[in-house]
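Here is how the chains run, residue by residue.
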Amino acid sequence: MHTIPKDYPPFLYIPCLEHVRETAGAEAVYRTTKDGRTALLVYSALDRLHACCGEDQPWFGLPTHELQRLYDVRPFDVVYADVYVPEERREPGPQRQVR
């Protein structure tokens, strides 16, 4: 994974597949970009995650400096912050396409 930009917030909210009580049990949602890269969407605040992904989107919190842990479990090519996901693209599933 590349260096985390200095302007990233210290804590991130990350969409996951199911509601979890503990971060250790969370499985992050990854998306596929138009050019085939694997993307991880992260949010700088919980209200932004809800506004961009819907109130029912499961999530977990992670200190930004621990993003490497996610990469080590499942490498990703790009991280997008605070991206709006249109309602028609919010279907459940481990791989979703970013348009």
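Rules of the game
- Residues numbered from 1 in each chain as written.
- Predicted model: local features only at pLDDT ≥ 70, side-chain atom pairs only at ≥ 80, totals over all residues.
- Heavy atoms only, no water.
- Helix = DSSP H or I, 4+ residues; strand = E, 2+ residues; numbered from the N terminus.
- Buried < 20%, exposed > 50% of the residue type's maximum accessible area, 1.4 Å probe, protein only.
- Contact = heavy atoms within 4.5 Å.
- Areas by Shrake-Rupley, 256 points an atom, 1.4 Å probe, with all protein chains shown as cover.
- Lys, Arg positive; Asp, Glu negative; His and termini not counted.
- Charge placed at Lys NZ, Arg CZ, Asp CG, Glu CD.
- Salt bridge = Lys/Arg side-chain N within 4 Å of Asp/Glu carboxyl O.
- Phe/Tyr/Trp six-rings, centres within 6.5 Å; stacked < 30°, edge-to-face > 60°.

Colleague: Which residues make up the overall build of the protein chain, and what are the values?
Modeller: The number of helices and strands found in the protein chain is 2 helices and 6 strands. Each helix and strand of the protein chain, ordered N terminal to C terminal, gives the series β-β-β-α-β-α-β-β. The principal-axis extents of the C-alpha atoms in the protein chain amount to approximately 35 × 30 × 25 Å. Taking all 99 residues of the protein chain together, the buried fraction comes to 36%. Residue pairs at least 24 apart in sequence account for 76% of intrachain contacts in the protein chain once pairs closer than 6 positions are excluded. Surface summary for the protein chain: the accessible area is close to 6,200 Å², and the carbon and sulfur share equals 50%. If you average the places of the 12 positive and of the 15 negative side-chain charges in the protein chain, the two averages end up 4 Å apart.

Colleague: For the pattern of salt bridges, give the residues involved together with the corresponding values.
Modeller: Taken as a whole and assessed by the stated rule, the structure comprises 3 salt bridges. For arginine 37, the salt bridge is made with aspartate 35, and the minimal N-O distance between the two is 3.1 Å. Among the residues examined, arginine 37 registers a relative accessible area of 32% and is labelled partly exposed. Arginine 69 serves as the salt-bridge partner of glutamate 66, at 2.4 Å between the closest nitrogen and oxygen. Given the relative accessible area of 46%, arginine 69 is considered partly exposed.

Colleague: Give me the lowdown on the environment of valine 42, citing residues and values where you can.
Modeller: Mapped onto the elements of the fold, valine 42 is located in strand S3 (residues 38-42). Using a relative accessible area of 1% as the deciding quantity, one classes valine 42 as buried. Sequence separation between valine 42 and threonine 64 is 22 residues; the distance between their C-alpha atoms is 9.7 Å. What valine 42 contacts, discounting residues up to four positions off in sequence, is Tyr8, Leu12, Tyr13, Ile14, Val79, Tyr80, Ala81 and Asp82.

Colleague: Talk me through the environment of leucine 70; I want residue IDs and the actual numbers.
Modeller: Secondary-structure assignment places leucine 70 in helix H2 (residues 67-73). Sequence separation between leucine 70 and tryptophan 59 is 11 residues, and the spatial gap between their C-alpha atoms is 14 Å. Contact partners of leucine 70, with chain neighbours within four places excluded, come to Ile14, Tyr30, Leu40, Phe60, Leu62 and Phe76.

Colleague: Lay out the packing of aromatic side chains in plain terms, naming residues and giving numbers.
Modeller: Within this structure, the stated rule accounts for 4 aromatic pairs. Put simply, the rings of Phe11, Tyr13 and Trp59 touch in pairs and so form one group of aromatic residues.

Colleague: Kindly report on helix H1 (residues 46-53), identifying the contributing residues and their values.
Modeller: Since the α-helix turns once every 3.6 residues, residues separated by three or four places project in the same direction. All of the buried residues along H1 are Leu49, His50, Cys52 and Cys53. Packing partners of the buried residues in H1 comprise strand S1 (11-15) and strand S4 (59-63). Count one or two residues on from H1 and you reach glycine 54, which has phi positive near 105 degrees.

Colleague: An account of unusual backbone geometry is requested, with residue identities and associated values reported.
Modeller: Even without being glycine, aspartate 82 reaches a positive phi, approximately 55 degrees. Mapped onto the secondary structure, aspartate 82 falls in the loop between strand S5 (78-81) and strand S6 (95-97).

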